[in-house]
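# Residue-level structure breakdown
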Amino acid sequence: MPTPSVETSPLGKETQYCNQYNPELLHPLPRLTGRKSLGLSEASLPFQGVDIWNAYEISWLNSKGKPLVRLAEFRFPADSSHIIESKSFKLYLNSFNLTPFASEQQVREQMQQDLSQASGSQVAVVFFAVDAGLAPQSLQGECLDDLDIDVNHYTPAPELLTTQAHQQVEETLVSHLLKSNCPVTGQPDWASVQIHYRGPKLDREGLLAYLISYREKGDFHEHCVEEIFLDLLRACQPEQLTVYARYLRRGGLDINPWRSTLSSSPANLRLLRQ
């Protein structure tokens with residue numbers, strides 16, 4: 001069986017939509033492919049984390065042929081061996097649309113089984129009624145976006161990150177100016193990012209310029225957040241560090257990677273523009 005890759009994924013290709021349940025539509029991609037470029041190995045990750053996916057287009061048929069609709073939250077552990085390519089995930093979810101199931105629990109358990117097998121780790125799946133979904137909230141922290149800075153870099157420039165080593169702080173900073181691009185189609189991926197750390201004080205203007213420097217970066221959401229985490233870890237050498245990005249919805253899905261030196265689990269804070 002060929003090794004899964006971006007080139008063999010449905011990204012950027014004309015696709016026929018399947019409305020009958022088909023787990024073979026899922027296209028897993030090895031996390032290690034992106035992590036090798038960051039000098040990481042599966043045995044020595046400097047973070048813990050999770051990728052929270054929210055799905056807004058979940059539907060199937062009950063035993064009488066009547067459609068049911070739900071919202072869903074999926075949590076993929078950051079130490080899973082694979083991520084799921086997002087278009088393949090959408091195609092997989094759409095394959096439930098004309099498939100009858102005996103109960104909502106059966107649908108949820110089937111998704112959990114398929115996604116856990118594809119990603120190589122236990123995936124948590126929660127369904128919500130349409131009227132009981134996540135209410136929009138704001139990321140807590142000081143927003144950097146009004147800083148009046150000159151911007152000259154639109155590809156990642158970690159040299160912009162500097163600290164005031166004599167000043168130790170614990171703070172939470174936020175920006176809504178993070179943007180990267182799909183590595184295959186070039187479509188823009190917009191995000192808000194929250195950074196919490198305890199350690200030498202980061203230069204805020206440099207941090208904002210650094211986040212903006214991802215504007216022409218072509219990579220998956222998960223890998224961008226891991227690169228940001230590592231660059232901050234190396235530049236600041238903090239006692240604690242958490243990076244949480246909330247990407248905007250595309251194709252009925254939003255992806256929200258969270259990486260941290262802490263072992264806690266993040267809240268699923270849906271933002272207004274998600």
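The sections below set out a description of the structure shown in this document. Per-chain numbering applies: the sequence of each chain, read as written, is numbered from 1 onward. Local features are withheld for residues below a pLDDT of 70 in this predicted model, meaning they are given only at 70 or higher, and side-chain atom pairs are given and counted only at 80 or more; totals for whole chains, interfaces and linings count all residues. The side-chain values count all of the structure's non-hydrogen atoms but skip hydrogen atoms and water molecules.

Here is the key point about a regular strand: its side chains alternate between the two faces of the sheet. Criterion used throughout: strands pair if DSSP finds at least two bridges between them. Only DSSP runs of H or I with at least four residues qualify as helices, and only runs of E with at least two residues qualify as strands; both kinds are numbered from the N terminus onward. Relative to strand 7 (residues 163-181), strand 6 (residues 142-143) runs parallel, the two sharing two bridges. Note on strand 7: the bridge partner recorded for glutamate 142 is leucine 173. The pairing of strand 7 with strand 8 (residues 188-202) spans 14 bridges and is antiparallel. Paired with serine 175 across the bridge in strand 8 is valine 193. Turn length for the strand 7-strand 8 hairpin, with the two strands adjacent in sequence and antiparallel, is six residues, and the turn residue glycine 186 shows positive phi of about 80 degrees.

The next point concerns the sheet that holds strand 5 (residues 124-128). With mixed pairing, eight strands are arranged side by side in an open sheet as 5-3-2-10-9-8-7-6. Where the open sheet ends on each side, the last strands, each with one partner, are strand 5 and strand 6. Bridge count for strand 2 (residues 48-61) against strand 10 (residues 253-260) is eight bridges, and the pairing is antiparallel. Across the sheet, the residue bridging to glutamine 48 is serine 260, located in strand 10. In what follows, a contact means two residues having at least one pair of non-hydrogen atoms within 4.5 Å. Fitted lines through C-alpha atoms give the axes, limited to the stretch in contact for helices. The angle between two N-to-C directions lies from 0 to 180 degrees. Seen against the sheet, helix 3 (residues 104-119) touches strand 2, strand 3 (67-77) and strand 5 and runs at an angle of roughly 150 degrees to strand 5. Along the sheet, helix 5 (residues 221-236) makes contact with strand 2, strand 7, strand 8, strand 9 (240-247) and strand 10, crossing strand 9 at roughly 155 degrees.

Secondary-structure assignment places serine 121 in the loop between helix 3 and strand 5. The class of serine 121 is buried, set by a relative accessible area of 18%. Residues in contact with serine 121, not counting those within four places in the same chain, are Pro77, Asp79, Ser80 and Ser116. For every residue, the accessible area (1.4 Å probe, protein chains only) is compared with the maximum for its type, and the residue is labelled buried under 20%, exposed over 50%, or partly exposed between those bounds.

Moving on, we come to the environment of valine 69. Among the structural elements, valine 69 can be located in strand 3. Distance from valine 69 to arginine 250, taken between C-alpha atoms, is 19 Å for residues 181 residues apart in sequence. Each residue touching valine 69, except ones within four places of it in the same chain, is listed here: Ile58, Ser59 and Val130.

What follows covers the environment of glutamine 140. On the secondary structure map, glutamine 140 appears in the loop between strand 5 and strand 6. Take glutamine 140: its relative accessible area is 58%, and that puts it in the exposed class. Leave out the neighbours within four places in its chain, and glutamine 140 touches Thr172, Val174 and Gln194.

It is worth spelling out the pairing of strand 8 at this point. Burial of strand 8 is extensive: 11 of the 15 residues sit out of reach of the surface. Note: strand 8 against strand 9, eight bridges, orientation antiparallel. Bridging across to strand 9, tyrosine 197 finds its partner in leucine 241.

Before going further, it helps to examine the packing of helix 4 (residues 204-212) against helix 5. Put simply, helix 4 and helix 5 touch, their axes get as near as 12 Å, and they point 150 degrees apart. Accordingly, the angle class assigned to the pair helix 4 and helix 5 is roughly antiparallel. For the pair helix 4 and helix 5, the sense of crossing is right-handed. Listed contacts from helix 5 to Leu207, Tyr210 and Leu211 of helix 4 are Glu227, Ile228, Asp231 and Leu232. Its residues assigned to classes, the contact of helix 4 with helix 5 comprises five nonpolar, no polar and two charged. Working rule for angles: under 35 degrees goes down as roughly parallel, over 145 as roughly antiparallel, 65 to 115 as roughly perpendicular, anything else as oblique. The hand of a helix crossing depends on one turn: near helix anticlockwise from the far one by less than a right angle means left-handed, and clockwise means right-handed. Classes in brief: Ala, Val, Leu, Ile, Met, Phe, Trp, Tyr, Cys and Pro nonpolar; Asp, Glu, Lys and Arg charged; the others, Gly included, polar.

Turning our attention to the packing of aromatic side chains. Aromatic pairing here means that ring centres of Phe, Tyr or Trp (its six-membered ring) are within 6.5 Å. Orientation follows from the plane angle: under 30 degrees is stacked, over 60 is edge-to-face, and everything else is tilted. This structure, assessed with the given rule, holds 12 aromatic pairs. Look at tyrosine 92 and phenylalanine 96: their rings are 5.2 Å apart centre to centre, the planes differ by 90 degrees, and that puts the pair in the edge-to-face class. With respect to burial, tyrosine 92 and phenylalanine 96 carry one shared label: buried. When the ring of phenylalanine 96 is compared with that of phenylalanine 101, the centres are 5.5 Å apart and the planes differ by 20 degrees; the resulting orientation is stacked. Phenylalanine 101 shares its class with phenylalanine 96; the two are buried. Through a chain of ring-to-ring contacts, the aromatic side chains of Tyr21, Tyr92, Phe96 and Phe101 assemble into a single cluster. It is lysine 179 that lies over the ring of tryptophan 190; its NZ or CZ is 5.9 Å from the centre. Between arginine 249 and the ring centre of tyrosine 56, over which it is positioned, the NZ or CZ distance is 3.5 Å. Whether a charge sits over a ring comes down to the Lys NZ or Arg CZ being within 6 Å of the ring centre and within 35 degrees of the ring normal.

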